[in-house]
Amino acid sequence: MSRTKTLFLVCNAHLDLVWQWEWHESLAEALSTFRIAASFCETYDGFIFNHNEAKLYQWIEEYDPELFYKIQKLVQEGKWHIMGGWYLQPDCVMSSGESILRQIEKGSNYFKEKFGYCPQTAINVDSFGHDRGLVQLLLKCGYTSYLVGRPSIETCKAPGNDFLWEGYDGSRIPVHLAAEGYNSGLGKVEKKLEYYRRQEGTDNAVLALWGIGNHGGGPSREDLDRISLLQEQWKKEGILLKHSTPEMYFDAVSESALPLFKEEIGPSMVGCYTSQVRIKQMHRLLENMLYQTEKLLSVAQLYTGASGDWKALDQAEETLLFNEFHDILPGTSVQCAEEAALRDMGGAIALLEKQRTWAFIQMCRQTREAEPGIIPIFACNPHPWPVKTAIECEFQLQDQGWDNTYTDFEVEYEGNIIPSQLEKEGGSIPLDWRKRLVFMAEIPPFTMASLYARPKVLTHRPKLPNTEETIIRMAGTLGNLSVNKETGLIESYMFKGKPLLLPGAGRLLVISDNEDPWGMTVSSFPNIEGEFKLASEEQAGYICGLKEKTEPVRIIEHGEVRTVIEALFVYKRSTAIMHYKFEPLTNRLDLELRLQWNEPNHMVKLSLPSPWEDGECWGQKMLGRSRLYENGYENVSQKWLSVCGNDLALTVLNRGSHGSSFENGELRLTLLRSPAYTAHPIDDRPILPQDRFLPRIDIGERLFQFSIQGGDREERMGLADKEAAVFNEAPFARSYFAVKSSPVQSAGIRIENERILLMCLKRQKSGFLIRLYNSSPQYQKTAYLFMEAAGEIEFYPFEVKSYHYFQGSLYSCNIIADD
């Protein structure tokens, strides 16, 4: 070991693309910061400026081409270092593994094209926590090390600043945790270097981050001059100050000297798992729509030869990646930035809907002439395995029903009548005209299944079941659900005679909270201040906008496919409308909750108490799964949670709800928080001015959707990832009168093992890229069929593999393959 201590000085200028400002302010600051940094690179011998995030370089290229050319020259000369190599610094706990791959792919392709360089050290110094699934992705994308800045060592219980980080799949990568921060402040570099001087470091090497940050800035002349003086002074003491890059630091550290760390680098800022819930839900919707549309455009091209507008998908992908920025997705930006993100993502979803509809139309084939009055329906399964689920479809009758009769339907699929029912349509014109049909069907992989809705004219609309008893009971083939009319809560949810939920499940708990959207000073939200209570008949009528009072708990839909119970609740100035949707054929229970919320500085959690006080709580993570905190601390997960007893388990799927807590068998889903925008605790100073109104996050109406199912523990855990994928990228149906013709080839893409997920199927310049993921903690293998190509693939636990399909053959390729 060298006796000389080396401080590897990594000058950077952290610049949030969006935070207390919108993107155009960051653009202006980036232009200023990069101009100053380039000037210093040219005038100070040995100085190296480090900066990451391809999006910032794209802005420089677009708005100041001359500066961009200068930076290209400085990079070639080794005076300017391309750091990190990603598109931007995203959230690294709520973004999916596929999205993180796109962050790396888009960034690395840009830097290779414009600078001919690929960094070896990934950088996320300001992201709020880091999921273990990153390890596999980093290594397979060519990275050899990872530099992070959050959380503190004490919070995540890391063994030190430097460690070897192990992912869910067992792969490992060296990490430096710079919990002291990435900046040093204007003219304060010596103070920061004194801190580093006292650090022991690894192999007598210390990574020293410095520069004006948090809104650009980077190096200053005053600080560079001071460093020049300190280099001479400290050298006499055996301390070298070396202008460096992150790669230089990791090259100086022996991997064998690093302790092993097998946990998530978190938690960090636990309020971020919930703040600005609309952003999180819109992000999930955009993720789902992008990856589903890519698959359907690919399948349409493979089956029919027709090509969609892939440039529109590229635009939508860029929108997705931008809005995964670590102050957008976690909900820590100002209100105007929140609204801008929602507009941005909404526009991308509209683009994708056009392309998804285009692919749908290309693949529809009516194989027989429809009889008069018959409504043809096409149901699309966008997954590589068969999917049996309830599917909704709205359509218009050919004529308005003015004669007070009621038109019902039976649905024919493959020559058989399948379970179906009519439910309230989206509109409210009091004519027998618009219909919402719900049917239960099993659709083969990547198939546009053809169904026929046959009308049955009735003299009147069927009546709903009588609900005069205190308990509403619904029995199914595998279990049953009971809802208590006196509380509006679940009385029992059973699987083969065994309880899955305790009485009182569905309570909406109101939790004391504060103004801070990050949740910087807390690890849990335990203080229950109250809860929503069942509305009175008068309140229920008012909530529904009726002229008269109404029952607060009642059946509003009933048929072969499902029964829907509506329950209405109140809390102070807020209301809640809960729909319990129970499927007797599958024992699936969906919860659709509409919160009309008006309680600043509070939080709402949905309580689901299980019968297993010593049960385990597991959650889906980025390319993995993890046992979560079971002491009431706030957890973060992705598309599913599972509460496990010895033999049974209860899985809960979501569409953009990431926060939760678990203790003594009770799962609490964190629905929303109402802190202020970017309200930052600093010492004991008041966070907010006390002389005015300030808007709060998520005041207003918010909608939440969950799907619950219980059963055998091994089966529930084995199917959780597949079911979450189906719930989020749901099969859909449209009524469409297609031209009669032979059916489109519909069995050309299939994966036999339901634990293997198709993360990605998208067109490349030549052929198609396919990414597969083993969602199981065990070794798996699967047979596959991909058009002309067939075979078997083996997977290690949680392994991701990529393949390139070209001219009838499937080839293994790098995880982010180049064309």
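Anything mentioned here points back to the structure above.
Let me sum up the structure you'll find in this document.

The rules behind the values
- Numbers given for residues are sequential positions, taken from 1 along each chain in its written order.
- Per-residue local features are limited, in this predicted model, to residues with pLDDT of at least 70; the limit for side-chain atom pairs, both in listing and counting, is 80 or more; totals at the level of whole chains, interfaces and linings are taken over all residues.
- Processing note: side-chain calculations cover all non-hydrogen atoms of the structure and skip hydrogens and water entirely.
- In this description, strands pair whenever DSSP reports at least two bridges between them.
- Each helix is a run of H or I in the DSSP string that is no shorter than four residues. Each strand is a run of E no shorter than two, and both are numbered from the N terminus.
- Here, axes are lines fitted to C-alpha atoms. For helices the fit covers the stretch in contact, and angles between N-to-C directions go from 0 to 180 degrees.
- Only centres within 6.5 Å qualify two rings of Phe, Tyr or Trp (six-membered ring in Trp) as a pair; their planes then separate them into stacked at under 30 degrees, edge-to-face at over 60, and tilted for everything else.
- A simple rule labels every residue: compare its accessible area, found with a 1.4 Å probe on the protein chains alone, to the largest value its type can have, and call it buried under 20%, exposed over 50%, or partly exposed in between.
- In our convention, an over-ring charge means Lys NZ or Arg CZ found within 6 Å of a ring centre and within 35 degrees of that ring's normal.
- Residues form patches when they are more than 30% accessible in relative terms and have no salt bridge. Like charges link within 9 Å. Nonpolar side chains (Val, Leu, Ile, Met, Phe, Trp, Tyr) link within 5 Å.
- Working definition of accessibility: Shrake-Rupley area with a 1.4 Å probe, residue cover restricted to the visible protein chains.
- By definition here, a salt bridge exists when the distance from a side-chain nitrogen of Lys or Arg to a carboxyl oxygen of Asp or Glu is within 4 Å.
- His is not counted, nor are the chain ends, whereas Lys and Arg count as positive and Asp and Glu as negative.
- Charge placement uses NZ in Lys and CZ in Arg. For Asp and Glu, CG and CD serve respectively.
- For our purposes a nonpolar core is just a set of buried Ala, Val, Leu, Ile, Met, Phe, Trp, Tyr and Cys residues, chained together by side-chain atoms within 4.5 Å.
- By definition here, a helix of n residues has an expected span of 1.5 Å times n minus one.
- Contacts were defined at the residue level, with two residues in contact if any of their heavy atoms lie within 4.5 Å.
- Pairing of N or O atoms within 3.5 Å defines a polar contact, subject to two protein rules: one partner must be a possible hydrogen donor and the other a possible acceptor, and residues neighboring in sequence count only if both atoms are side-chain atoms.
- Here the word oblique covers every angle except those under 35 degrees (roughly parallel), over 145 (roughly antiparallel) and from 65 to 115 (roughly perpendicular).
- Amino acids outside the nonpolar list (Ala, Val, Leu, Ile, Met, Phe, Trp, Tyr, Cys, Pro) and the charged list (Asp, Glu, Lys, Arg) are all regarded as polar, and Gly is one of them.
- As used here, the arc is the angular range of directions from the helix axis to the C-beta atoms.

1. A word on the sheet that holds strand β12 (residues 387-401)
In step 1: Read from one edge to the other, the open sheet built from three strands follows the order β12-β16-β15, with strand pairing classed as antiparallel. Every other strand in the sheet has two partners, leaving β12 and β15 (420-423) as the edge strands with one partner each. Ignoring strand direction, the axes of neighbouring strands in this sheet form an average angle of 30 degrees.
In step 2: In terms of strand pairing, β15 meets strand β16 (residues 432-443) through four bridges, oriented antiparallel. Residue pairing across strands places Leu-422 opposite Leu-437, the latter belonging to β16.

2. Looking at the sheet that holds strand β35 (residues 659-663)
In step 1: Strands sit in the order β23-β22-β29-β36-β35-β32 across an open sheet of six strands; the sheet is antiparallel. Across the chains shown, the open sheet's two edge strands, defined by having one partner strand only, are β23 (528-531) and β32 (635-636).
In step 2: Strand direction decides the pairing type here: strand β22 (residues 508-512) and strand β29 (residues 602-609), joined by five bridges, are antiparallel. Note on β29: the bridge partner recorded for Leu-508 is Leu-606.

3. Quick notes on the packing of aromatic side chains
In step 1: Following the criterion strictly, the structure yields 27 aromatic pairs and no others.
In step 2: Arranged with centres 5.7 Å apart and planes meeting at 75 degrees, the rings of Tyr-110 and Phe-111 form a pair that is edge-to-face.
In step 3: Among the residues examined, Tyr-110 registers a relative accessible area of 6% and is labelled buried.
In step 4: With a centroid separation of 6.4 Å and 35 degrees between ring planes, the pair formed by Phe-532 and Trp-597 is classed as tilted. With Phe-532 in the loop between β23 and β24 (533-534) and Trp-597 in strand β28 (residues 588-597), this pair connects stretches of sequence that are 65 residues apart. Like Phe-532, the residue Trp-597 is buried in the burial classification.
In step 5: By the ring-pair criterion, three or more aromatic residues cluster together here, those being Phe-34, Phe-49, Tyr-57, Phe-68, Trp-80, Tyr-110, Phe-111 and Phe-115.
In step 6: Of note, Lys-435 hangs over the ring of Tyr-406, and the distance from its end group to the ring centre comes to 4.0 Å.

4. Remarks on a negative patch on the surface
In step 1: Together, Asp-647, Asp-712, Glu-714 and Glu-715 make up a negatively charged patch on the protein surface.
In step 2: Here Asp-647 lies in the loop between β33 (640-644) and β34 (648-654).

5. Focus: the pairing of β29
In step 1: When you tally the buried positions in β29, you get eight out of eight residues, the bulk of the element.
In step 2: Every second residue of β29 is oriented toward a common face, with His-602, Val-604, Leu-606 and Leu-608 on one face and Met-603, Lys-605, Ser-607 and Pro-609 on the other, all of them buried.
In step 3: Both β29 and strand β36 (residues 666-673) contribute to a ladder of seven bridges, which runs antiparallel. Considered in β36, the bridge of Leu-608 is made with Leu-667.

6. What about the nonpolar core?
In step 1: Among the nonpolar cores identified, the biggest contains 165 residues, and Tyr-57, Trp-80, Trp-165 and Leu-193 are the most heavily contacted of them.
In step 2: The greatest single-element share of this core, amounting to 11 residues, is contributed by helix α10 (residues 277-304).
In step 3: With 49 residues, the next largest nonpolar core counts Ile-490, Ala-505, Ile-565 and Leu-672 among its residues.

7. Let's talk about helix α11 (residues 310-322)
In step 1: Over its 13 residues, α11 extends 19 Å from the first C-alpha to the last, a length consistent with the 18 Å expected when each residue adds 1.5 Å.
In step 2: All buried positions along α11 are accounted for by Trp-310, Ala-312, Leu-313, Ala-316, Glu-317, Thr-319, Leu-320, Leu-321 and Phe-322.
In step 3: In the core, the buried residues of α11 are packed alongside α1 (23-43), α2 (54-63), α4 (97-115), α10, α12 (335-363) and β40 (756-763).

8. Quick look at the side chain of Asn-601
In step 1: Relative to the assigned elements, Asn-601 resides in the loop between β28 and β29.
In step 2: Here Arg-696 takes part through its side chain, which lies 3.2 Å from a polar atom of the side chain of Asn-601.
In step 3: Every residue in contact with Asn-601, bar those within four places of it in the chain, is listed here: Ser-512, Asp-513, Asn-514, Glu-515, Ser-674, Pro-675 and Arg-696.

9. Digging into the packing of α4 against α11
In step 1: It is at 10 Å that the axes of α4 and α11 come closest, and there the two elements cross at 105 degrees. Classified by the angle their axes make, α4 and α11 are roughly perpendicular. Of the residues in α11, those touching α4 at Ser-99, Arg-102, Gln-103 and Lys-106 are Glu-317, Glu-318, Leu-320 and Leu-321.
In step 2: Here the contact of α4 with α11 is built from residues that sort into two nonpolar, two polar and four charged.

10. Thoughts on the pattern of salt bridges
In step 1: Summed over all chains, the structure comprises 55 salt bridges.
In step 2: We note a salt bridge from Arg-278 to Glu-339, for which the minimum N-O separation is 3.0 Å. With a gap of 61 residues between them, Arg-278 in helix α10 and Glu-339 in helix α12 connect regions that are remote in the sequence.
In step 3: Under the relative-accessibility criterion, Arg-278 is labelled partly exposed at 26%.
In step 4: Between Glu-592 and Lys-581 there is a salt bridge, with its nearest N and O atoms 3.5 Å apart. Note that Glu-592 is positioned in strand β28 and Lys-581 in strand β27 (residues 574-583), a separation of 11 residues in sequence.
In step 5: Judged by its relative accessible area of 14%, Lys-581 is buried.
In step 6: It is possible to trace a salt-bridge network through shared partners that takes in Glu-98, Arg-102, Glu-294, Glu-317 and Arg-771.

11. Here's the deal with the environment of Arg-716
In step 1: With respect to the helices and strands, the residue Arg-716 is situated in helix α14 (residues 713-728).
In step 2: For the pair Arg-716 and Leu-650, spaced 66 residues apart in sequence, the C-alpha to C-alpha distance is 7.2 Å.
In step 3: In this structure Arg-716 touches Ala-649, Thr-651, Gln-709, Gly-710, Gly-711 and Glu-723, once residues within four positions along its chain are discounted.

12. Considering the environment of Met-787
In step 1: Looking at where Met-787 falls in the secondary structure, it is placed in the loop between β42 (780-786) and β43 (789-795).
In step 2: C-alpha of Met-787 to C-alpha of Ile-239: the two residues are 548 residues apart in sequence and 63 Å apart in space.
In step 3: Excluding residues that lie within four positions of it along the chain, Met-787 makes contacts with Leu-302, Tyr-303, Gly-748, Ile-749 and Tyr-805.

13. Quick look at the pairing of strand β1 (residues 5-11)
In step 1: The buried count for β1 comes to seven of seven residues, which makes it a mostly enclosed element.
In step 2: Every second residue of β1 is oriented toward a common face, with Lys-5, Leu-7, Leu-9 and Cys-11 on one face and Thr-6, Phe-8 and Val-10 on the other, all of them buried.
In step 3: Pairing geometry for β1 and strand β8 (residues 205-210), over six bridges, is parallel. What sits directly across from Val-10, in β8, is Leu-209.

14. Some thoughts on helix α3 (residues 65-76)
In an α-helix, one turn spans 3.6 residues; hence positions three or four apart end up facing the same way.
In step 1: End to end, α3 covers 17 Å across 12 residues, agreeing with the expected 16 Å (1.5 Å per residue, within 8%).
In step 2: Looking at α3, one finds that the buried residues are Leu-67, Phe-68, Ile-71, Leu-74 and Val-75. Seen along its axis, α3 keeps its buried residues to an arc of 120 degrees; they face one direction. Turned more than 90 degrees away from the buried face of α3 sit Pro-65, Glu-66, Tyr-69 and Gln-76, all of them exposed.
In step 3: Elements in contact with the buried residues of α3: α1, α2, β3 (80-82) and α4.
In step 4: Gly-78 sits one or two residues past α3 and shows a positive phi near 80 degrees.

15. What to know about the packing of α3 against α4
In step 1: Running from N to C, α3 and α4 cross one another at 85 degrees; their axes reach a closest spacing of 10 Å. Regarding the angle of α3 to α4, the classification is roughly perpendicular. Together, Phe-68, Ile-71, Gln-72 and Val-75 of α3 and Tyr-110, Lys-114 and Phe-115 of α4 make up the contact between the two elements.
In step 2: The class makeup of the residues in the contact of α3 with α4 is five nonpolar, one polar and one charged.

16. A short note on the side chain of Glu-338
In step 1: Among the structural elements, Glu-338 can be located in helix α12.
In step 2: Within the structure, the side chain of Glu-338 is placed 2.6 Å from the side chain of Tyr-677, a separation counted as a polar contact.
In step 3: Other than its neighbours up to four places away in sequence, Glu-338 contacts Gln-276, Arg-278, Ile-279, Ser-333 and Tyr-677.

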